[in-house]
Amino acid sequence: MITPPRYGPKRVLAILGISIGLVIAGSYLEHNATNLTRPHDVYLSQLMISLATGMFMGPLLLMGITKALSRGTDHIVTFSVLFSLSQGIGGLAGPAVLGTYQLYREHEYSTVLVDALDPADPQVAQRLKLYQGAYAKAIVDPARRDIQARTLLAQAATREANVRAYNDASLLNSVIAFCFLFWTFASDIF
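Residues numbered from 1 in each chain as written. Predicted model: local features only at pLDDT ≥ 70, side-chain atom pairs only at ≥ 80, totals over all residues. Heavy atoms only, no water.

The subject of this paragraph is the overall build of the chain. Looking only at helices and strands, the chain features 5 helices and 0 strands. The secondary structure elements of the chain, listed N-terminal to C-terminal, are α-α-α-α-α. Here the C-alpha atoms of the chain give a radius of gyration of 25 Å, more than 25% beyond the 16 Å that 2.2 N^0.38 yields for 190 residues. Reported as C-alpha extents along the three principal axes, the dimensions of the chain are approximately 80 × 45 × 30 Å. (Helix = DSSP H or I, 4+ residues; strand = E, 2+ residues; numbered from the N terminus. Rg over C-alpha atoms; globule rule 2.2 N^0.38 Å.)

Our next topic: a nonpolar patch on the surface. On the surface, Tyr28, Leu171 and Val175 cluster together into a nonpolar patch covering about 270 Å² of accessible area. According to the relative accessible area criterion, Val175 is partly exposed, its value standing at 45%. (Patch = residues over 30% accessible without salt bridge, like charges linked within 9 Å, V, L, I, M, F, W, Y side chains within 5 Å. Areas by Shrake-Rupley, 256 points an atom, 1.4 Å probe, with all protein chains shown as cover. Salt bridge = Lys/Arg side-chain N within 4 Å of Asp/Glu carboxyl O. Buried < 20%, exposed > 50% of the residue type's maximum accessible area, 1.4 Å probe, protein only.)

Attention now goes to the pattern of salt bridges. A complete count under the given rule lists 4 salt bridges for this structure. The partner of Glu108 in a salt bridge is Arg105, and the shortest N-O contact between them spans 2.4 Å. On the criterion of helical spacing, the pair formed by Glu108 and Arg105 is a turn pair, its members being 3 residues apart in helix H3 (residues 75–116). Looking at Glu108, the relative accessible area reads 28%, which means it is partly exposed.

Of note, Ser170 is situated in helix H5 (residues 142–189). Ser170 sits in the buried class, given a relative accessible area of 6%. Measuring from C-alpha to C-alpha, the distance between Ser170 and Gln148 comes to 33 Å, with 22 residues separating the pair along the chain. Each residue touching Ser170, except ones within four places of it in the same chain, is listed here: Ser27, Glu30 and His31. (Contact = heavy atoms within 4.5 Å.)

Summary statistics for the chain give a mean pLDDT of 89 and a share of 94% for residues scoring 70 or more. When pLDDT is averaged over each helix and strand of the chain, the minimum, 88, is found for helix H4 (residues 122–134) and the maximum, 93, for H3. (pLDDT = per-residue confidence, 0-100.)

Next up on the list: helix H2 (residues 43–70). Between the first and last C-alpha of H2 there are 41 Å, a value that for 28 residues agrees with the 40 Å anticipated at 1.5 Å per step. Buried within H2 are the following residues: Ser45, Met48, Ala52, Phe56, Pro59, Gly64 and Ala68. After H2 finishes, the residue Gly72 shows a positive phi value of roughly 120°. (Expected span 1.5 Å × (residues − 1).)

Examined against the element boundaries, Arg145 turns out to sit in helix H5. One buried charged side chain, Arg145, makes no salt bridge at all; its nearest oppositely charged neighbour is Asp141, positioned 7.3 Å away. (Lys, Arg positive; Asp, Glu negative; His and termini not counted.)

Dropping the structure here:
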């Protein structure tokens, strides 16, 4: 009969390391998305990140309670308040930091991509003609068709800038997790 591995304080660091490793791997898997990436393409990476979140909280709570109890039962209230506060602030600060970074990168990419759209470029001119042709039956005025085609081209550039910014945010998440993993093991060793 196979006995399952026991969960206890001796395995906490290993479980934390595995969960952080899953975040690193899941975030890295998503860093090369394209505008053709669909939800089924990110099932594995999102599963890895979600699994890591569930694996991370138990050992973290166990470590905190163990350290609080070693200092006396009066530290349990302080630990509970600090744990709840850190989870609340982290739950707000994490998405805010990554969202701000993604928005910043999107603006940079959007500027670069829109500046590169020269109507004299044969590929850009061909794309504009394609977009104008799509509106030929609906819009009779050629000037309005041209404006609509340029709007569609700018939207495509913005969409591409968003995808590139998302890739950068995923890579940043992977780097932050790697730094946290290094810090976790370095603080335990020293």
